[in-house]
Amino acid sequence: MAQSDAAKGGSPAAEDAARAAEQGEERPPAPGIDITRPHVARMYDYYLGGKHNYAVDREAAEQALKLVPQGRIGARMNRWFLIETVRWLVREAGIRQILDIGSGLPTQQNVHEVAQAIDPNAKVVYVDNDPLVRVHAEALLATNPNTIFLTADLRDPNDLLNRPEIRSHLDFSQPIALLLVAVLHFIEDTQQAYDVVKVLCDALPSGSYLAISHGLIEEGQKEATQQASAVYRRANSGVYPRTREEILGFFTGLTPVGCGLVHISEWTPPGRPAGPTAGDNVVSLGDPAVLRSLPGMCGIARIDR
Ligand SMILES: C[S@@+](CC[C@H](N)C(=O)[O-])C[C@H]1O[C@@H](n2cnc3c(N)ncnc32)[C@H](O)[C@@H]1O
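The structure contained in this document is the topic of the report that follows. (Residues numbered from 1 in each chain as written. Predicted model: local features only at pLDDT ≥ 70, side-chain atom pairs only at ≥ 80, totals over all residues. Heavy atoms only, no water.)

So, the pattern of salt bridges
Threshold: Counted as salt bridges are all cases of a side-chain nitrogen of Lys or Arg within 4 Å of a carboxyl oxygen of Asp or Glu. The way it works is that DSSP assigns letters per residue, a run of H or I at least four long becomes a helix, a run of E at least two long becomes a strand, and they are numbered from the N terminus. Type-normalised accessible area, obtained with a 1.4 Å probe on protein chains alone, sets the label of each residue: buried when under 20%, exposed when over 50%, and partly exposed for intermediate values.
On inspection of all chains with the given rule, the structure shows 13 salt bridges. We note a salt bridge from Arg-272 to Glu-84, for which the minimum N-O separation is 3.2 Å. Taken together, the positions of Arg-272 in the loop between β6 (255–263) and α13 (288–292) and Glu-84 in helix α5 (residues 71–91) put the pair 188 residues apart, joining distant regions of the chain. For Glu-84, a relative accessible area of 6% corresponds to the buried category. For Asp-304, the salt bridge goes to Arg-302, with nearest N and O atoms at 3.0 Å. Classification of Asp-304 as partly exposed rests on a relative accessible area of 35%. When its relative accessible area of 27% is taken as the criterion, Arg-302 is described as partly exposed. Taken together, the shared-partner salt bridges connect Glu-84, Arg-87 and Arg-272 into one network.

Describing the site of the ligand
Filter applied, for reference: One heavy atom suffices: a residue is near a molecule or strand as soon as one of its heavy atoms comes within 4 Å of it. Any pair of N or O atoms that falls within 3.5 Å is considered a polar contact. Within protein, one atom must be able to donate a hydrogen and the other to accept it, and sequence-neighbouring residues count only if both atoms are side-chain atoms. Only the protein chains shown count as cover for residues, with accessible areas throughout obtained via the Shrake-Rupley method and a probe of 1.4 Å. Charged residues are taken to be Asp, Glu, Lys and Arg, nonpolar residues to be Ala, Val, Leu, Ile, Met, Phe, Trp, Tyr, Cys and Pro, and polar residues to be all remaining types, Gly included. The domain boundaries here were taken from an automatic or database domain assignment.
The local shell around the ligand holds 20 residues, among which Tyr-44, Asn-78, Arg-79, Gly-102 and Asp-128 are the closest. Measuring from an oxygen atom of the ligand, one finds a backbone N or O atom of Gly-104 at 3.5 Å. Within the side chain of Asp-153, a nitrogen or oxygen atom sits 2.9 Å from a nitrogen atom of the ligand. About the coverage of the ligand: the protein hides 97% of its 600 Å² of free accessible area. Residues of the shell around the ligand, tallied by class, amount to 10 nonpolar, five polar and five charged. Residue assignment places the shell around the ligand across two domains, with domain 1 (2–67) and domain 2 (71–303) each supplying three or more.

Digging into the nonpolar core
Stated precisely, the cut-off is as follows: Take the buried residues of types Ala, Val, Leu, Ile, Met, Phe, Trp, Tyr and Cys, join any two whose side-chain atoms come within 4.5 Å, and each joined set is a nonpolar core. Two residues qualify as a contact provided that any one of their heavy atoms is within 4.5 Å of a heavy atom in the partner residue.
Ranked by internal contacts, the top residues of the largest apolar core, which has 49 residues, are Leu-99, Ile-101, Leu-154, Leu-178, Leu-180, Leu-210 and Ile-212. Counting residues per element, this core draws most heavily on helix α10 (residues 190–202), which supplies five residues. Ignoring anything within four residues of it in the chain, the contact list for Leu-210 reads Leu-178, Leu-180, Val-197, Cys-201, Phe-250, Phe-251, Leu-254, Gly-299, Ile-300 and Ala-301. Counting 43 residues, the second-largest nonpolar core is a separate cluster that includes Val-124, Leu-141, Val-181 and Val-262.

Looking at the sheet that holds strand β3 (residues 147–151)
Quick note on the threshold: We treat two strands as partners when DSSP finds at least two bridges between them. In this analysis an axis means a line fitted to C-alpha atoms, helices contributing only their contacting stretch, and an angle means the value between N-to-C directions, from 0 to 180 degrees.
Pairing is mixed in the open sheet, where seven strands are placed in the order β3-β2-β1-β4-β5-β7-β6. Unpaired on one side and paired on the other, β3 and β6 mark the two borders of the sheet. Put simply, the sheet's adjacent strands are angled 15 degrees from each other on average, direction ignored. The pairing of strand β1 (residues 97–101) with strand β2 (residues 123–128) spans five bridges and is parallel. The residue of β2 that forms the bridge with Ile-98 is Val-124. Its contacts with the sheet place α10 against β1, β4 (177–181), β5 (208–215) and β7 (296–303), and it is angled at close to 160 degrees to β4.

Some points on the packing of α5 against helix α6 (residues 111–118)
Between two packed helices, what matters for the description is the angle formed by their axes and the separation of those axes. The criterion, for reference: We call two directions roughly parallel when the angle between them is under 35 degrees, roughly antiparallel when it is over 145, roughly perpendicular when it lies between 65 and 115, and oblique otherwise. Handedness of each helix crossing follows the sense of rotation of the near helix against the far helix: counterclockwise by less than a right angle gives left-handed, clockwise gives right-handed.
As a packed pair, α5 and α6 sit with axes 9 Å apart at the nearest point and diverge in direction by 30 degrees. As summarised for this structure, α5 and α6 are arranged roughly parallel, according to the angle between their axes. As α5 runs across α6, the sense of the crossing is right-handed. Contacts between α5 and α6 involve Leu-82, Ile-83, Val-86, Arg-87, Val-90 and Arg-91 on the former and, on the latter, Val-111, Val-114, Ala-115 and Ile-118.

Quick look at the pairing of β3
Strand direction decides the pairing type here: β2 and β3, joined by five bridges, are parallel. Among the inter-strand pairings, Asp-128 is bridged to a residue of β3, identified as Thr-151.

Looking at the environment of Gln-109
In this structure, Gln-109 sits in the loop between β1 and α6. Taking the C-alpha atoms as reference points, Gln-109 and Trp-80, 29 residues apart in sequence, are found 9.7 Å from one another. A distance of 3.0 Å separates polar atoms of two side chains, one belonging to Gln-109 and the other to Arg-87.

Set out below in structure tokens:
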């Protein structure tokens, strides 16, 4: 109550905090964090069992999970893809620079931790447009000179590429791995999404890599996927899964690596047998039928010129 009185006539963030407090929700961790509507970064954190989420995110995530009950395993499989991709890029492909756009909230085995466990000098640039991601990333990275975080919007790739921080942290004459993992489906217009990927890939030298994962809409599951997507209409971003053909379009002009861009249950790190193995601690071996029903595709491609 006292908090609510103090916030009256204050900033929108303070008013949000007061309203949330009156509703018995958690207080926002920093000014500018909106906890009155779901945020896609925080919903994903909830699917992964994280703690960086609020009642409004959990409620929306639970609604989506009612429609796509395999959502949690999908999120973990997506992390598995991301982690194995980074391991392969650094260990096998010699990559020492990573640009991770739509990086998400810190979780277990973050990209810089996976890369720098192999080479402590590997450079990582995280990019996200969510203010809570910025708060946590800055705290996590405060003492890591090889890793920086930038707030930027994937939909404006030229703005990102022109930032002095990215140019001083990454050497654009040397190969860079561009990670667009579970983020392209937040761009509504397919042509715009293709254009964004092209602008980014064109800025990278030959020998660079692109890794993507993307929400998939398949014939048999169209209705549930569309209903789950509708839950995201009241979030800070809508979600726009695409067909196989549309997703395959992201690799146009690139050289697919290993198994290429495939259904997530079929993906395998280059040079390894298909699917997660008992040694992978990110995702336990699930029911193959459930894995096959996941609405997602993923893959790695090389930029050859
Ligand atoms: C589902 S999470 C994926 C996190 C991480 N890449 C992973 O796969 O584990 C999607 C992230 O993309 C971010 N995002 C969504 N739209 C974005 C945009 N237009 N520009 C930058 N980041 C965006 C969200 O804030 C969120 O953190």
